[in-house]
Amino acid sequence: MTTKAWGAHSARELLGPLDISRREPGPHDVQIDIDWCGVCHSDLHTVRSEWSGTRYPCIPGHEIIGRVTAVGGAVTGFAVGDTVGVGCMVDSCQSCSACEEGLEQYCENGFSGTYNSPVSDAPGHTLGGYSKRIVVDEKFILRISHPAGQLAAAAPLLCAGITTWSPLRHWGVGPGKKVGIAGVGGLGHMGIRLAKALGAEVVAFTTSENKREDARALGADEVVVSRNPEEMKAYRSSFDLILDTVSASHNLDDFVSLLKRDGTLALVGVPEHPHPSPNVGQIVFSRRAIAGSLIGGIRETQEMLDFCAEHGIVSDVEVIPIQQINEAYERMLRSDVRYRFVIDLSSLEG
Ligand code: NAP
Ligand code: ZN
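Residues numbered from 1 in each chain as written. Chains lettered and ligands numbered in written order. Predicted model: local features only at pLDDT ≥ 70, side-chain atom pairs only at ≥ 80, totals over all residues. Heavy atoms only, no water.

Engineer: Talk me through the coordination of the zinc ion (ligand 2); I want residue IDs and the actual numbers.
Structural biologist: Binding of the zinc ion (ligand 2) to the protein goes through Cys40 (SG), His62 (NE2) and Cys159 (SG), at separations of 2.0 to 2.2 Å. For the zinc ion (ligand 2), the single-chain donor residues occur in sequence as C-x21-H-x96-C. Within this pair, whereas Cys40 is found in the loop between strand 3 (29-38) and helix 1 (41-47), its partner His62 is found in the loop between helix 1 and strand 4 (64-71), the two being separated by 22 residues in sequence. In this structure, Cys40 and His62 share a single accessibility class: buried. (Donors = N, O, S within 2.8 Å, 3.2 Å for Na, K, Ca; no water. Helix = DSSP H or I, 4+ residues; strand = E, 2+ residues; numbered from the N terminus. Buried < 20%, exposed > 50% of the residue type's maximum accessible area, 1.4 Å probe, protein only.)

Engineer: Hey, could you go over helix 5 (residues 186-197) for me, with residue numbers and the actual values?
Structural biologist: For helix 5, spanning 12 residues, the distance from its first C-alpha to its last is 17 Å, which sits close to the expected 16 Å at 1.5 Å a residue. Counting buried positions along helix 5 gives 10 out of 12 residues, so the element sits mostly inside the fold. Looking at the buried residues of helix 5, the elements they touch are helix 4 (160-170), strand 10 (178-182), strand 11 (201-206), helix 6 (212-218), helix 10 (298-311) and strand 17 (340-344). Directly beyond the C-terminal end of helix 5, a positive phi value near 100° is found at Gly199. (Expected span 1.5 Å × (residues − 1). Contact = heavy atoms within 4.5 Å.)

Engineer: Summarise the packing of helix 4 against helix 5; cite the residues concerned and give the values.
Structural biologist: Between helix 4 and helix 5, whose axes approach to 8 Å, the crossing angle comes to 50°. With respect to helix 5, the axis of helix 4 lies oblique. Helix 4 and helix 5 meet at a crossing whose hand is right-handed. From helix 4, Ala160, Gly161, Thr163, Thr164, Trp165 and Leu168 reach across to helix 5, where they touch Gly186, Leu187, Met190, Gly191, Leu194 and Ala195. Class assignment for the residues of the contact of helix 4 with helix 5 results in 7 nonpolar, 5 polar and no charged. (Axes fitted to C-alpha atoms, helices over the stretch in contact; angles between N-to-C directions. Parallel < 35°, antiparallel > 145°, perpendicular 65-115°, else oblique. Left-handed = near helix turned anticlockwise from the far one by under 90°. Nonpolar A, V, L, I, M, F, W, Y, C, P; charged D, E, K, R; others polar.)

Engineer: I'd love a proper account of the packing of helix 4 against helix 10, names of residues and values included.
Structural biologist: Look at helix 4 against helix 10: their axes get within 10 Å of each other, and the N-to-C directions meet at 100°. The angle between helix 4 and helix 10 places the two elements in the roughly perpendicular class. Across from Gly161, Ile162, Trp165, Ser166 and Arg169 in helix 4, the residues of helix 10 making contact are Glu300, Thr301, Met304 and Phe307. Its residues assigned to classes, the contact of helix 4 with helix 10 shows 4 nonpolar, 3 polar and 2 charged.

Engineer: Give a description of the environment of Trp36 that names residues and reports values.
Structural biologist: Looking at the secondary structure, you find Trp36 in strand 3. Sequence separation between Trp36 and Glu101 is 65 residues, and the spatial gap between their C-alpha atoms is 30 Å.

Engineer: Quick rundown of a nonpolar patch on the surface? Include the residues and the values.
Structural biologist: Taken together, the side chains of Val280, Val284 and Phe285 present a nonpolar region at the surface, about 370 Å² in accessible area. With respect to the helices and strands, Val284 occurs in helix 9 (residues 280-284). The exposure class of Val284 is exposed, given its relative accessible area of 55%. (Patch = residues over 30% accessible without salt bridge, like charges linked within 9 Å, V, L, I, M, F, W, Y side chains within 5 Å. Areas by Shrake-Rupley, 256 points an atom, 1.4 Å probe, with all protein chains shown as cover. Salt bridge = Lys/Arg side-chain N within 4 Å of Asp/Glu carboxyl O.)

Engineer: Break down the site of ligand 1 for me, citing the residues and quoting the values.
Structural biologist: If you check the shell around ligand 1, you find 29 residues, and the closest are His41, Thr206, Thr207, Ser208 and Arg340. Separating an oxygen atom of ligand 1 from a backbone N or O atom of Gly186 is a distance of 2.8 Å. For ligand 1, an oxygen atom lies 2.5 Å from a polar atom in the side chain of Ser208. In isolation ligand 1 has 920 Å² of accessible area, and contact with the protein removes 91% of it. Residue assignment for the shell around ligand 1 shows that the elements contributing at least two residues are helix 1 and helix 5. The greatest single-element share of the shell around ligand 1, amounting to 3 residues, is contributed by helix 1. (Near = heavy atom within 4 Å. Polar contact = N/O pair within 3.5 Å; in protein donor to acceptor, adjacent residues only side chain to side chain.)

Engineer: Please provide a residue-by-residue account of the packing of aromatic side chains, values included.
Structural biologist: This structure, assessed with the given rule, holds 5 aromatic pairs. With a centroid separation of 6.2 Å and an interplanar angle of 25°, the aromatic rings of Tyr235 and Phe239 are classed as stacked. Accessibility expressed as a relative area gives 12% for Tyr235, which makes it buried. The buried category is assigned to Phe239, whose relative accessible area is 0%. A network of ring pairs unites the aromatic residues Phe205, Tyr235, Phe239 and Phe255 as a single cluster. Directly above the aromatic system of Phe239 lies the positively charged group of Lys178, at a separation of 5.2 Å from the ring centroid. (Phe/Tyr/Trp six-rings, centres within 6.5 Å; stacked < 30°, edge-to-face > 60°. Lys NZ or Arg CZ within 6 Å of the ring centre and 35° of its normal.)

Encoded structure:
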């Protein structure tokens, strides 16, 4: 069926309206009419082919919340009218060891992303949530239990939430742990909120002097302007974990030096250009680690959503009509968003 969407035909083009086609729901499929879709920096990296390999037309969007409008005959977990979410993945092999452990994001045969992954449906690759409707296998659908008034603000949990939750859990963040969150953007502001909710001592690192107060309001015990070497020095060798959400290339040594012995710098930001090679001595002499983490599995995403619903946790959002998406990208590049744009898809009707 034909569905209205917004996307781009090439890396150099602005996003604009497009008609796309969605498959009729198969036996295991759930059809969702999309109400809200968050705007992730990965959308921008992909539309502009900053990671190369973007397939066009490109329709981004992987922080989706909407209502079920049809289900296939074999669907057991969802019914018409349910409020549901879709994150960064729409399929995986379901048989490799990663999938068997509920870690579909590390599927050894490659998961299918919500956009830009090869698929048999036209036009040959997946198309994301900047659209009115999507059809997804029920295994990749999440239950949303936030109240109706919080759904726009809950949408970013589907990527920004799980991408920070998963490493915080993996590295055992909780009471007694000191955690740094580098970059107070879409991911970073959720990282601060979630690390605090998990009981850790949280320090936010920002390059934006004007985010100091916000970062505290989000739950940071202390805020450091990372461009200020004197401020940074005071935190040497004190962190168990630093979660680096920065979207641009930067010097990792500044953060490695703040880790305790055996501490970890976990990278989640994926910049267009590589970081300068880190200082090996700093890592070796204190058995520190530089690691990475990719979104989170479906089971873990549901756990995070339920935790957030229970604790009243959502994202700070600025709701925009789809017609403002190009301007929103420019503002995101200037770190001028508090702290996630969310598209109101009812704006696609007009
Ligand atoms: P965002 O909202 O644009 O936030 C990025 C933040 O990085 C900015 O707010 C800014 O924070 C900081 N920053 C930007 N440019 C900088 C620079 N030149 N030097 C230092 N700091 C800079 O982006 P996002 O949506 O949170 O995404 C962040 C990154 O994570 C992107 O690369 C995205 O693709 C990636 N990502 C990865 C995963 C994963 O699974 N690993 C999932 C989603 C997204 P301050 O103003 O506080 O300095
Ligand atoms: Zn994302």
